[in-house]
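Given next are the chains, with one letter for each unit.
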Amino acid sequence: MILLHQGLPERRMGVSRLTEPMAVQVALNAAAPGYDRLYTYTVPAALQGQIRPGMRVAVPFGKGNRRRMAMVLAVTPLQEEQTADGRPMVYKPVTAVLDTEPVLTDELLALVEWLYEHTFCTRYDAVRAVLPGGMQMRLEERYLPVPPPKNVVLTEQEENLLRMVRQSVSEKERDALLRPDGSAEKTAVLEALTEKGCLVSAAEGKRAVNDSNRRMVRLSDAFLANETDFRPTEKQRLAVEILREHKTLTPKECAYLAGVSEGVVMNLVKHGIAVRVEIPHLRVPRDAVVTVSPENTVLSEQQQAAYDAVAASVISRTAAAYLLYGVTGSGKTAVFEQLIHLALKQGRQALLLLPEIALTPQVVQYFQARFGNLVALIHSGLSLGQRLDTDKLIRSGEIRVVIGTRSAVFAPLPDIGVIILDEEGEHSYKADQSPRYHAADVAKERCRRHGAALVLASATPSLESRYLAERGVYHLLKMTKRYNQAPLPQVTVVDMNEERAAGNGGPFSLALADALRENLQKGEQSILLLNRRGYHTMLQCAKCNEPVYCPNCSVPMTFHKANGSLLCHYCGHVQPPVSACPACGHDRLRQLGFGTQRLEEELQLLLPQARILRMDADTTMTRDAYEAGFRAFAAGEYDILAGTQMIGKGLDFPNVTLVGVVSIDKALYAGDFRSYERTFSLITQVVGRGGRGESPGRAILQTHMPDHYVLQLAAQQDYDTFYTEELAMRRTLMFPPVCDLCVIGFSGLWENHVAAAAKLFVKILGQVAAREQLRLPLRVLGPVPASYGRLNGKYRYRVLLKCKNTVDMRKFIRRVMAEALADKQFASVQMFADMNGDCGV
């Protein structure tokens, strides 16, 4: 809890009026897009010099002057301004300071403005994105009693409340009486008493998590200086000797080592022989041991060439972006290691981003073995306390290498030398909530500010990155050979139509089943990819053919055998299986498709002696599930690893010689123009998990469309040809990367309202474009329902704008959105804009 001094009138504080009056520009928390702007507040004389940019404050807002939390973005001298009718502008004062130190650095404050300008978010949405994990805070309004003014007139309710407050026997009881508790009636009484001078309100900031301290004991300075005449008992003497030896211990530790009770130790405190102290306790492990020297790493010729190109930028402090295109197993991680080592030798820091939490255990283990406790991990799976402690260690300089997922791109490193995005084409680098940023764009901006090198690395780069590399925006670096000269896995495409015609209705073709048996006999490991969770993917009526849909979404529910329930993978709705069709009432339902739960079951029937590890969102709910599972598989405790896409990229298991893609066809038709690209990338990456050790690898790709060119090119691992084919299609249809795509989304509880709002937006866009005589290239598609027309109870529509992502275009879109939001038709509809978002979600 943080409760700091409020701004009171100057005459009561005795502060000199000679101090130059100051003002702050703030971003208001929970500001709706319609009134999101910078607000100016004055700094009371009592708070002069206490407020700095990057600190949170409480401010009065609106006609009722309700307290709102805000982030200070700038502190400036107060300017005398006038209203439109010539009267002096009067600003409200800041009421409380909620932080003792800035929680955002100058660079992070600049990134707030960058996010606001580039992603169509509110300013406080941007603040929330860059604010280090664990530093979130909520504002509570607290009322305190003061002597009432003379002759004040109170209602019966007001008198009753004040009488109970006066009769309260403790501060806790008093605070409970004066807490609004969400009651409108009680809030009105409290506000009335405040206006009449019987109460004062105080802004109280409560952090989501506080610093962790351990309560310890040590010998007092007076005792050590022989300034006490207390003579300890025999048991107390034993405890004293333990404290002399260990200096500081918890009471429990001291009692255990001395062989006495904790009461004996606390008696030492009571008599002044020992004192209690609080020692900061870190909630993140700090026991990493360096076992490998980066100086001993030997790079291949291609690795060295890639390293030399990027190193020149790191050494010269020149901002530059590099696309490192390296086949699976080419040794990109060793290049990352050497670049990070170089940045550290230059006295700078490094940031390595990964697309999946599942990849972090192996990668962190690799880099901690080389850089020890200089390495830290940031991702959403950590507790708030762990993220808070990690942030403190980064700011203190104890951590200089940050590894993490998308949000780690905002780590407050003061002097970045290199930022690396591994598997840069992964869609998980794009945020799907406001602010809708891409980690690569934020990384480019940070590299520009730091004079750092940006490395975008992948065996299957995104089309956008490859396109920019060909145009000279990025420097293209290639690593076309595996580090150990091992060949890429040989891929066999199996036509599942022929398997079905031959009477094989199971999930495994004969070729894959035989290969799994052979691998098991040889003591080698296998990986099976099926990118669908659950047991059956849907239940379908045998009469009307309607699936059983989620009641909140236009999505069929998946049957999970583990808990015998139907589960929606979008909103999380859970219900028992139905016995009749909800649409027509027919009592015959078909179970269609299969997910990872059934895959595991079929594997156990096929290979009873095999040790099977299933990895999907259902088996990795705990924080250490990824690390425990992958560590066990790497140690040879399992023979087969089966799972969803989390097992498909970035993992290195030398004993894996067989990869099976059980079913991938549906991914080609995901309703998004990037579906071919994502399918090609997933197949290529998972195939590359095999043959990374001494034994060659092989892969089996099962499909009902064996002649599809995407699957054929993925089987050949021919990225260059795929890029050429896909770019030609994108150019014909005019989709990124040959243009930019801004998705305008609309959602609400009533479909007719949402559809009407989307149509109105297109009409207003045309009016604004005509009024301003728009000269920017722009094509408008829609409005149309989203691929999933209803999610979590809300109907969803889309308008697609094909354009160029320029400052002028973003300003134009903002003006259109502002005009649309001012219309009453948008009162029940939410709207967002997402530049280069997914049009099919």
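Attention in this report is confined to the structure presented alongside it.

Criteria and cut-off values
Residues numbered from 1 in each chain as written. Predicted model: local features only at pLDDT ≥ 70, side-chain atom pairs only at ≥ 80, totals over all residues. Heavy atoms only, no water. Axes fitted to C-alpha atoms, helices over the stretch in contact; angles between N-to-C directions. Helix = DSSP H or I, 4+ residues; strand = E, 2+ residues; numbered from the N terminus. Parallel < 35°, antiparallel > 145°, perpendicular 65-115°, else oblique. Left-handed = near helix turned anticlockwise from the far one by under 90°. Contact = heavy atoms within 4.5 Å. Pairing = 2+ DSSP bridges. Expected span 1.5 Å × (residues − 1). Buried < 20%, exposed > 50% of the residue type's maximum accessible area, 1.4 Å probe, protein only.

### Describing the packing of helix 24 (residues 751-771) against helix 25 (residues 807-821)
- Direction vectors running N to C along helix 24 and helix 25 enclose 125 degrees, while the axes themselves pass 9 Å from each other. By the criterion of interaxial angle, the relationship of helix 24 to helix 25 is oblique. Helix 25 is crossed by helix 24, and the crossing has right-handed handedness. The residues of helix 25 that touch helix 24, namely those facing Phe761, Ile764, Leu765, Val768, Ala769 and Arg771, are Phe812, Val816, Met817, Glu819 and Ala820.

### Structural notes on the sheet that holds strand 28 (residues 740-748)
- Across the sheet, four strands lie side by side as 29-30-28-31; this open sheet has antiparallel pairing. Either end of the sheet is taken by a strand with one partner, and the two such strands are strand 29 (779-791) and strand 31 (830-835). Here the strands of the sheet are splayed against their neighbours by 20 degrees on average, with no regard to which way each runs.
- In this sheet, strand 31 lies alongside strand 28 in antiparallel orientation, the contact comprising six bridges. Among the inter-strand pairings, Phe746 is bridged to a residue of strand 31, identified as Met831.
- Helix 24 contacts strand 28, strand 29, strand 30 (794-803) and strand 31 of the sheet and is inclined by roughly 20 degrees relative to strand 30.

### Topic: helix 2 (residues 106-119)
- Over its 14 residues, helix 2 runs 20 Å from end to end, which matches the ideal 20 Å to within 8%, given 1.5 Å per residue.
- Counting buried residues in helix 2 gives ten out of 14 residues, a clear majority hidden from the surface.
- Within helix 2, burial applies to Glu107, Leu108, Leu109, Ala110, Leu111, Val112, Trp114, Leu115, Tyr116 and Thr119.
- Check the buried side of helix 2 and you find it contacts strand 4 (66-77), helix 3 (123-130), helix 15 (439-450), helix 25 and strand 31.
- Positive backbone phi, approximately 60 degrees, marks Phe120, located one or two places after helix 2.

### What about helix 24?
- An ideal rise of 1.5 Å per residue puts 30 Å on 21 residues; helix 24 measures up with 30 Å between its terminal C-alpha atoms.
- In this structure, the buried side of helix 24 is in contact with strand 28, strand 29, strand 30, helix 25 and strand 31.
- Positive backbone phi, approximately 50 degrees, marks Gln773, located one or two places after helix 24.

Function cannot be inferred from these measures alone, as they are strictly geometric.
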